[in-house]
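Examining the three-dimensional arrangement
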Amino acid sequence: MPELPEVEVVRRGLDDHVRGRTIATAVIRHPRAAHRHTAGPEDLAARMVGATITGTGRRGKYVWLILDNRDALLMHLGMSGQMLITSPDVAVAPHERARFTFTDGGSDPRFEDQRTFGHLMFDEGGAVLPSSIVHIARDPFDPQFDRAAAVARIKTRRTGIKRALLDQTVLSGVGNIYADEALWTAEVHGETAASSLTEPRISAAIDAAREVMAAALAQGGTSFDELYVDVAGSSGYFSRSLKVYGLAGLPCPRCGSPIVRAKFMNRSSHFCPNCQLRR
């Protein structure tokens with residue numbers, strides 16, 4: 001699933017192409033693209049027509065278009081969602097779920113989603129923060145992110161520190177890839193109980209997450225296949241800079257020990273058994 005860097009890459013690309021433009025038409029081609037919009041796909045499309053996109057926003061892994069400085073079109077990419085900017089004469093793709101056109105006749109954004117886990121949703125009055133994601137915490141890049149409060153909340157958790165970092169109500173934007181990379185950077189085993197760590201160690205893990213995600217953002221995010229792309233369809237290159245994620249059996253860049261892959265919930269964790277001792 002795209003994490004903060006990949007979603008922020010998409011937000012920036014959308015902002016460059018759609019800010020200040022007025023929506024002429026909106027077509028929802030698959031009902032699952034609007035399954036979170038309770039009034040249905042036709043209502044979602046109708047609410048967008050005539051609106052001017054005045055900006056974009058992001059909270060964690062969610063991104064939204066700001067409509068007329070008041071409303072929001074909230075988007076979540078799910079497992080395979082893509083927001084692509086294309087020429088108006090580009091044919092409908094097999095996995096195209098929605099497309100919008102503008103009154104200026106320029107390039108169109110289209111939403112493609114092979115696995116149909118992503119969604120679009122209109123939120124009236126949600127320009128600043130859509131109501132459906134108010135429970136999502138701020139991320140380390142947010143100017144109002146309260147690191148001390150996040151550290152204090154994580155310190156109360158008896159679960160492993162990795163689970164705590166993945167809790168989007170505590171710290172948003174961090175997913176499996178960047179949690180593994182951050183914990184390797186901070187030299188902390190993911191199964192170490194968060195409550196057993198000192199506040200400086202927890203703070204170091206959060207700082208490492210921000211550091212790793214900033215590096216990924218600078219390289220366009222992490223792309224393992226053709227599904228993780230920016231609005232132009234280009235892949236990110238941070239996969240070449242990963243230290244542990246997806247590198248089981250290869251030597252740790254720090255100590256040379258073979259990287260270990262272990263089951264974690266319905267996913268996997270990757271770590272160095274020497275640098276990240278379980279305590």
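These lines cover the structure that appears in this document, whether it is placed above or below. (Residues numbered from 1 in each chain as written. Predicted model: local features only at pLDDT ≥ 70, side-chain atom pairs only at ≥ 80, totals over all residues. Heavy atoms only, no water.)

**Some remarks on the packing of helix α5 (residues 176-186) against helix α6 (residues 199-218)**
Interaxial distance between α5 and α6 falls to 8 Å at its minimum, and their mutual angle equals 125°. As the angle between them shows, α5 and α6 are arranged oblique. The element α5 and its partner α6 pack so that their crossing is right-handed. Together, Tyr178, Glu181, Ala182, Thr185 and Ala186 of α5 and Arg201, Ala204, Ala205, Ala208, Ala209, Glu211, Val212, Met213 and Ala216 of α6 make up the contact between the two elements. (Axes fitted to C-alpha atoms, helices over the stretch in contact; angles between N-to-C directions. Helix = DSSP H or I, 4+ residues; strand = E, 2+ residues; numbered from the N terminus. Parallel < 35°, antiparallel > 145°, perpendicular 65-115°, else oblique. Left-handed = near helix turned anticlockwise from the far one by under 90°. Contact = heavy atoms within 4.5 Å.)

**Details of the packing of aromatic side chains**
How two aromatic rings sit relative to each other is given by the distance of their centres and the angle of their planes. Scanning all chains against the criterion turns up 1 aromatic pair. Between Tyr178 and Phe238 the ring centres are 6.3 Å apart and the planes differ by 40°, which places this aromatic pair in the tilted class. Of this pair, Tyr178 sits in helix α5 while Phe238 is found in the loop between α6 and β9 (260-264), placing the two residues 60 residues apart along the sequence. On the basis of relative accessibility, which here comes to 0%, the residue Tyr178 falls in the buried class. Its guanidinium or amino end placed over the ring of Trp184, Arg254 lies 3.9 Å from that ring's centre, counting from NZ or CZ. (Phe/Tyr/Trp six-rings, centres within 6.5 Å; stacked < 30°, edge-to-face > 60°. Buried < 20%, exposed > 50% of the residue type's maximum accessible area, 1.4 Å probe, protein only. Lys NZ or Arg CZ within 6 Å of the ring centre and 35° of its normal.)

**Points about the sheet that holds strand β3 (residues 62-67)**
The 4 strands lie next to each other as β2-β3-β4-β8, forming an open sheet whose pairing is antiparallel. At either margin of the open sheet sits one strand with a lone partner, and together these are β2 (53-59) and β8 (119-123). The average undirected angle you get between the axes of adjacent strands in this sheet is 20°. Pairing of β3 with strand β4 (residues 71-76), which is carried by 5 bridges, proceeds in the antiparallel orientation. Across the sheet, residue Leu67 finds its bridge partner in β4, namely Asp71. Along the sheet, helix α1 (residues 4-18) contacts β2, β3 and β4; its crossing angle with β2, the most-contacted strand, is approximately 175°. Seen against the sheet, helix α2 (residues 41-48) touches β4 and β8 and runs at an angle of roughly 60° to β8. (Pairing = 2+ DSSP bridges.)

**Things to note about the state of the cysteines**
Counted under the stated rule, the structure contains 0 disulfides. You can see Cys252 has no disulfide; the closest cysteine sulfur is in Cys272, sitting 3.7 Å from it. (Disulfide = S-S within 2.5 Å.)

**Describing α5**
Taken across its 11 residues, α5 has 10 buried, putting it largely inside the fold. Here α5 has its buried residues at Asn176, Ile177, Tyr178, Ala179, Asp180, Glu181, Ala182, Leu183, Trp184 and Ala186. Structurally, α5 contributes buried residues whose contacts are with α1, α4 (161-166), α6, β9 and β10 (267-271).

**Section: the side chain of Arg99**
With respect to the element layout, Arg99 can be found in strand β6 (residues 96-102). A distance of 3.1 Å separates a polar atom in the side chain of Arg99 from the backbone oxygen of Val90. There is a polar contact of 2.8 Å between the side chain of Arg99 and the side chain of Glu96. When sequence neighbours within four positions are dropped, the list of residues in contact with Arg99 reads Thr25, Ala26, Val27, Ser87, Pro88, Val90, Ala91, Val92, Asp108, Pro109 and Arg110. (Polar contact = N/O pair within 3.5 Å; in protein donor to acceptor, adjacent residues only side chain to side chain.)

**Comments concerning the sheet that holds strand β7 (residues 108-113)**
Within the open sheet, the 4 strands sit side by side as β1-β6-β7-β5. Their pairing is antiparallel. Looking at strand neighbours, the two that pair on one side only are β1 (23-28) and β5 (81-86), the edges of this open sheet. On average, adjacent strands in this sheet sit at an angle of 15° to one another, irrespective of strand direction. Bridge analysis of β6 against β7 gives 3 bridges, and the strand direction is antiparallel. For Arg99, the partnering residue across the bridge sits in β7 and is Arg110. Helix-sheet contacts for α1 involve β5, β6 and β7, and the interaxial angle to β5 is about 30°. Most of the contacts of α2 go to β1, to which it runs at about 170°, and overall it touches β1 and β6.

**Some details on the nonpolar core**
Membership of the largest hydrophobic core comes to 33 residues, with the highest contact counts inside it found for Ile154, Ile161, Leu165, Val174, Tyr178 and Ile206. Mapped by element, the contributors of at least two residues to this core are α3 (147-155), α4, α5 and α6. Broken down by element, this core gets its largest block of residues, 8 residues, from α6. In contact with Leu165, not counting residues within four places along its chain, are Ile154, Leu171, Val174, Leu183 and Ile206. Val10, Leu44, Leu77 and Ile85 belong to the second-largest nonpolar core, a separate cluster that totals 29 residues. (Core = buried A, V, L, I, M, F, W, Y, C linked by side-chain atoms within 4.5 Å.)

**What about the pattern of salt bridges?**
A side chain with one charge can pair with a side chain of the opposite charge if their charged atoms come near. Applying the stated rule across the entire model yields 19 salt bridges. Where Arg70 meets Glu124, a salt bridge forms, and the shortest distance between an N and an O atom there is 3.3 Å. One end of the pair, Arg70, is in the loop between β3 and β4; the other, Glu124, is in the loop between β8 and α3, and 54 residues separate them in sequence. The network of salt bridges with shared partners includes Arg29, Glu96, Arg99, Asp108, Arg110 and Glu112. (Salt bridge = Lys/Arg side-chain N within 4 Å of Asp/Glu carboxyl O.)

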